[in-house]
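So the chains spell out like this:
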Amino acid sequence: KRLISTSPGRKERLDTAPSVMTSVSAPNVGLKGQRLRTAQSNLESTRVPKASQRSTVKMNRKGLTVVPPSVVEDLRASTGVRTIGLSHNFLVSLPPMLIYGTPLRESLTKISLAYNRLMFVPAEIALLDALEELLLHCNEIKQFPAQCCRFKRLKALSLHTNRLTSLPEEIGGMPTLERLLLNGNLLTELPPQLCQLKITRLSLEENPLEAPSHVVVSQGLSHVMAYLAKRMKLIKIKHKVQGTNVDEFTKDSKGKALMKVLRDSEGLQAFRRFLAKEFSSENVEFFLEVEDFRLAASVMKNPTVTYTEASRVFNQFISETADKELNLPSKILADLRATFQSPGAVIFNVMKDDSFPRFIASNFFADLMK
């Protein structure tokens with residue numbers, strides 16, 4: 001009793017544990033016998049009733065490392081299961097046969113795999129055509145696959161407290177998604193395609209976000225979606241450099257050609273690697289920061305916030321004590337420090353006339369074209 005009263009978390013687990021937890025205290029039952037009885041009771045309690053008896057199957061807090069074969073067999077024979085709870089276990093995957101070729105594809109509307117040890121999103125989940133709520137929070141997931149962005153009825157997606165570093169642009173293709181929980185991950189940017197969704201709740205706390213910045217996020221959902229919409233117009237993510245003929249690419253004006261590279265995810269990565277070799281990666285980072293700042297300023301229209309963000313960019317790249325001082329001729333850098341006029345255009349022209357021609361002649365560009 002003292003343990004229960006002084007540990008609320010433990011009390012919750014005891015309250016929701018199977019009834020066998022109270023039966024093992026009967027007299028003349030050894031410790032080994034208690035454990036065997038508890039394990040047997042837990043396994044038996046995961047048997048799935050017929051669909052006519054229950055549409056919700058709860059297997060939460062069972063200590064499962066795998067879904068028992070008997071459960072898979074029962075679920076494959078069920079036709080009316082709408083909700084499956086598998087949270088607070090030790091699962092690292094789902095058995096493929098749980099979903100492949102089963103009625104669950106058309107009946108299941110909610111599945112909870114929260115509080116497990118998943119490192120990957122089970123691919124078979126993408127087959128659940130009727131799914132409306134997918135709970136994957138509090139796992140160790142590092143990537144949300146593009147094939148899981150095909151849901152046409154999904155309303156809620158919980159991915160908070162994982163290890164996500166990015167989201168696929170295909171996430172903008174789920175037309176019914178309303179609630180997206182992403183807090184507690186490692187995201188540095190959001191795909192602009194999110195602006196295509198009718199999101200009513202978006203949680204982004206505890207992420208090292210850069211695009212949009214924390215300043216935009218602090219202004220609320222409407223500002224985030226407006227920022228993404230403008231970024232969507234500015235950056236054509238789906239444009240692929242790889243299919244462009246090299247001769248046609250180099251005949252284009254240098255400015256347009258450079259912009260194509262900067263607006264393509266793989267092209268940008270290649271250009272960054274090239275500039276790092278030349279010890280001038282700060283230049284492209286500064287350009288991207290200025291573009292983000294310009295977008296954020298046009299969305300918020302708040303002089304105080306705009307000044308704060310401008311000061312941050314200036315101190316980070318241009319001031320005499322900058323951590324990432326730009327690799328520019330001294331005269332250009334001095335002019336920027338004195339006026340800070342059109343900094344994006346200044347750095348773009350430097351890259352266009354100096355670094356970009358060498359990039360096109362490099363192996364980095366040749367590998368990009370393969």
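Residues numbered from 1 in each chain as written. Predicted model: local features only at pLDDT ≥ 70, side-chain atom pairs only at ≥ 80, totals over all residues. Heavy atoms only, no water.

As for the overall build of the protein
Within the protein, the secondary structure is distributed over 16 helices and 7 strands. Within the protein, the proportion of its 370 residues that are buried is 43%. For the protein, restricting intrachain contacts to residue pairs at least 6 apart in sequence, the fraction spanning at least 24 positions comes to 49%. Total accessible area on the protein stands at roughly 19,800 Å², and carbon and sulfur atoms take up 52% of it. (Helix = DSSP H or I, 4+ residues; strand = E, 2+ residues; numbered from the N terminus. Buried < 20%, exposed > 50% of the residue type's maximum accessible area, 1.4 Å probe, protein only. Contact = heavy atoms within 4.5 Å. Areas by Shrake-Rupley, 256 points an atom, 1.4 Å probe, with all protein chains shown as cover.)

A few points about the environment of Arg273
Structurally, Arg273 is set in helix α11 (residues 265-277). Judged by its relative accessible area of 47%, Arg273 is partly exposed. Along the sequence, Arg273 and Phe364 sit 91 residues apart, while their C-alpha atoms lie 7.9 Å from each other.

Section: unusual backbone geometry
With an omega dihedral of 0°, the bond running from Ala211 to Pro212 counts as a cis peptide bond. Relative to the helices and strands, Pro212 is located in the loop between β7 (201-203) and α7 (214-218). Not every positive phi belongs to a glycine, and Glu206 is a case in point at roughly 60°. As for its position among the elements, Glu206 is in the loop between β7 and α7.

Quick look at the sheet that holds strand β6 (residues 179-181)
Read across the sheet, 7 strands follow the order β1-β2-β3-β4-β5-β6-β7 without closing on themselves; strand pairing throughout is parallel. The open sheet terminates on both sides in strands that have one partner only, identified here as β1 (56-58) and β7. Mean inter-strand twist for the sheet, computed between neighbouring axes without regard to direction, equals 5°. Of the strand pairs in this sheet, strand β2 (residues 83-85) and strand β3 (residues 110-112) are connected by 3 bridges, and their pairing is parallel. Considered in β3, the bridge of Gly85 is made with Ser112. (Pairing = 2+ DSSP bridges. Axes fitted to C-alpha atoms, helices over the stretch in contact; angles between N-to-C directions.)

So, α11
The first and last C-alpha atoms of α11 sit 19 Å apart over 13 residues, in line with the 18 Å expected at 1.5 Å per residue. Listed as buried for α11 are Gly267, Leu268, Ala270, Phe271, Phe274 and Leu275. Considered in projection along α11, the buried side chains sweep an arc of 160° and stay on one side of the axis. Positive phi appears at Phe279, one or two residues downstream of α11, with a value of about 60°. (Expected span 1.5 Å × (residues − 1). Arc of directions from axis to C-beta.)

Things to note about the packing of α11 against helix α15 (residues 343-360)
Relative orientation of the contacting elements α11 and α15 amounts to 100°, with a least axis distance of 10 Å. With respect to α15, the axis of α11 lies roughly perpendicular. Judged by residue contacts, Ala270, Phe271, Phe274 and Leu275 of α11 engage Met351, Ser355, Phe356, Arg358 and Phe359 from α15. For the contact of α11 with α15, the residue count by class is 7 nonpolar, 1 polar and 1 charged. (Parallel < 35°, antiparallel > 145°, perpendicular 65-115°, else oblique. Nonpolar A, V, L, I, M, F, W, Y, C, P; charged D, E, K, R; others polar.)

Some remarks on the state of the cysteines
In this structure the tally under the stated criterion is 0 disulfides. Counting only cysteine sulfurs, Cys148 is the nearest neighbor of Cys149, a cysteine outside any disulfide, at a range of 7.1 Å. (Disulfide = S-S within 2.5 Å.)

Quick word on the pattern of salt bridges
Here the structure, examined in full by the defined rule, presents 5 salt bridges. Connected via shared salt-bridge partners are Glu278, Asp354 and Arg358. (Salt bridge = Lys/Arg side-chain N within 4 Å of Asp/Glu carboxyl O.)

Concerning the packing of aromatic side chains
Geometry of an aromatic ring pair is reported as the spacing of the ring centres plus the angle between the planes. This model, assessed by the stated rule, comprises 8 aromatic pairs. A ring pair is formed by Phe287 and Phe348, whose centres lie 5.5 Å apart and whose planes are at 40°; its orientation type is tilted. A residue pair is termed long-range when its members are at least 10 positions apart, and Phe287 in helix α12 (residues 281-300) and Phe348 in helix α15 qualify at 61 residues. Owing to a relative accessible area of 5%, Phe287 belongs among the buried residues under this scheme. Overall, Phe348 belongs to the buried group, its relative accessible area being 11%. (Phe/Tyr/Trp six-rings, centres within 6.5 Å; stacked < 30°, edge-to-face > 60°.)

A look at the packing of helix α10 (residues 254-262) against α15
Relative orientation of the contacting elements α10 and α15 amounts to 80°, with a least axis distance of 10 Å. When the interaxial angle is binned, α10 and α15 end up roughly perpendicular. Taken together, the residues of α15 that come into contact with α10 (itself represented by Lys254, Gly255, Ala257, Leu258, Met259, Val261 and Leu262) are Phe348, Met351, Lys352, Asp353, Phe356, Pro357 and Phe359. Residue composition of the contact of α10 with α15, grouped by class: 10 nonpolar, 1 polar and 3 charged.

So, the environment of Gln147
Among the structural elements, Gln147 can be located in the loop between β4 (133-135) and β5 (156-158). Between the C-alpha atom of Gln147 and that of Pro168, which follows or precedes it by 21 residues, the distance is 9.5 Å.

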